[in-house]
Amino acid sequence: MRGISRNWLLAAALVAAVTGTTGALGQDNGGRIAFPADYRSWTHVKSMIILPGHPLADPFKGIHHVYANGTAVAGFATGQFADGSVLVFDLLEAVSGGDAIAEGPRVLLGVMEKSAAKYAATDGWGYEGFAGDSTTERLVSDAAGQCHGCHAGTAATGYVFSGLRK
């Protein structure tokens, strides 16, 4: 996992909201959130870089991109995200050199999916994390404890940290 702890989503909640169609996302055969293969074609919400010294640098040092599917984009205007909203938090290593910072390998991909019925225990949001470039290696074993504990403090914005960049 390139040094990422299994508790990475707890800290990610403080950094960014994680984010077309939901059909490409769906559920895997185990009833879990599937890897969103087409997320880079969705709306780019924002980017940021966490540098060494930032409180969340361990484990979230790097370049962050947040993407939202069409349903989620509509929720940014009101803070009310409809079922089918999906947010993706893409964390990449920040590689410095030649007076520039460039994207390195992916560290993890975090996904939030809205379904009031499926995720009632976490205020309607499901959470998943995928290690590195894997579409199957999962990082979330306790969504309530690893993820939603931090998101719970953002109820006024639909449990989402990021705002749509205007």
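Every value quoted in this text rests on a predicted model; they were computed, and no experiment measured them.

Among the residues making up helix 3 (residues 70-78), those that are buried are Ala-72, Gly-75 and Phe-76. Considered in projection along helix 3, the buried side chains sweep an arc of 110° and stay on one side of the axis. Opposite the buried face of helix 3, at more than 90 degrees from it, the exposed residues are Ala-74, Ala-77 and Thr-78. Buried residues along helix 3 sit in contact with strand 1 (43-50), strand 2 (62-68) and strand 3 (86-97). Downstream of helix 3 by a residue or two, Gly-79 has a phi angle that is positive, lying close to 80°.

Moving on, we get to the environment of Arg-40. The residue Arg-40 is located in the loop between helix 1 (8-15) and strand 1 in this model. With 25 residues separating them along the chain, Arg-40 and His-65 place their C-alpha atoms 9.7 Å apart.

A few words now on the environment of His-44. Within the secondary structure layout, His-44 lies in strand 1. Judged by relative accessible area, which is 40%, His-44 ranks as partly exposed. On a C-alpha basis, the gap between His-44 and Val-73 in space is 9.6 Å, while along the polypeptide they are 29 residues apart.

Residues Phe-60, Phe-76, Leu-87, Leu-108, Trp-125 and Val-160 are the most contacted members of the largest nonpolar core, which totals 24 residues. When residues of this core are traced back to their parent elements, those giving at least two are strand 1, helix 2 (57-60), strand 2, helix 3, strand 3, strand 4 (100-114) and strand 5 (125-131).

With 81% of its residues at a pLDDT of 70 or more, the chain has an overall mean of 82. Across the chain, the secondary-structure element scoring lowest on mean pLDDT is helix 1, at 36, and the one scoring highest is strand 2, at 96. Taken as a whole, residues 1-27 scores under 50 in pLDDT and shows 108 contacts with residues more than four places along the chain or in a different chain.

Here the focus is the sheet that holds strand 5. Taken together, the 5 strands give an open sheet; going across it, the order is 1-2-3-4-5, and neighbouring strands pair in antiparallel fashion. The open sheet has two edge strands with one neighbour each: strand 1 and strand 5. Direction aside, neighbouring strands of the sheet carry axes that sit 25° apart on average. Here strand 3 pairs with strand 4 via 11 bridges, running antiparallel. Following the sheet pairing, Phe-89 is matched in strand 4 by Gly-110. Packed on one face of the sheet, helix 3 meets strand 1, strand 2 and strand 3 and runs near 95° to strand 2.

Rules behind the numbers
Residues numbered from 1 in each chain as written. Predicted model: local features only at pLDDT ≥ 70, side-chain atom pairs only at ≥ 80, totals over all residues. Heavy atoms only, no water. Buried < 20%, exposed > 50% of the residue type's maximum accessible area, 1.4 Å probe, protein only. Helix = DSSP H or I, 4+ residues; strand = E, 2+ residues; numbered from the N terminus. Arc of directions from axis to C-beta. Contact = heavy atoms within 4.5 Å. Core = buried A, V, L, I, M, F, W, Y, C linked by side-chain atoms within 4.5 Å. pLDDT = per-residue confidence, 0-100. Pairing = 2+ DSSP bridges. Axes fitted to C-alpha atoms, helices over the stretch in contact; angles between N-to-C directions.

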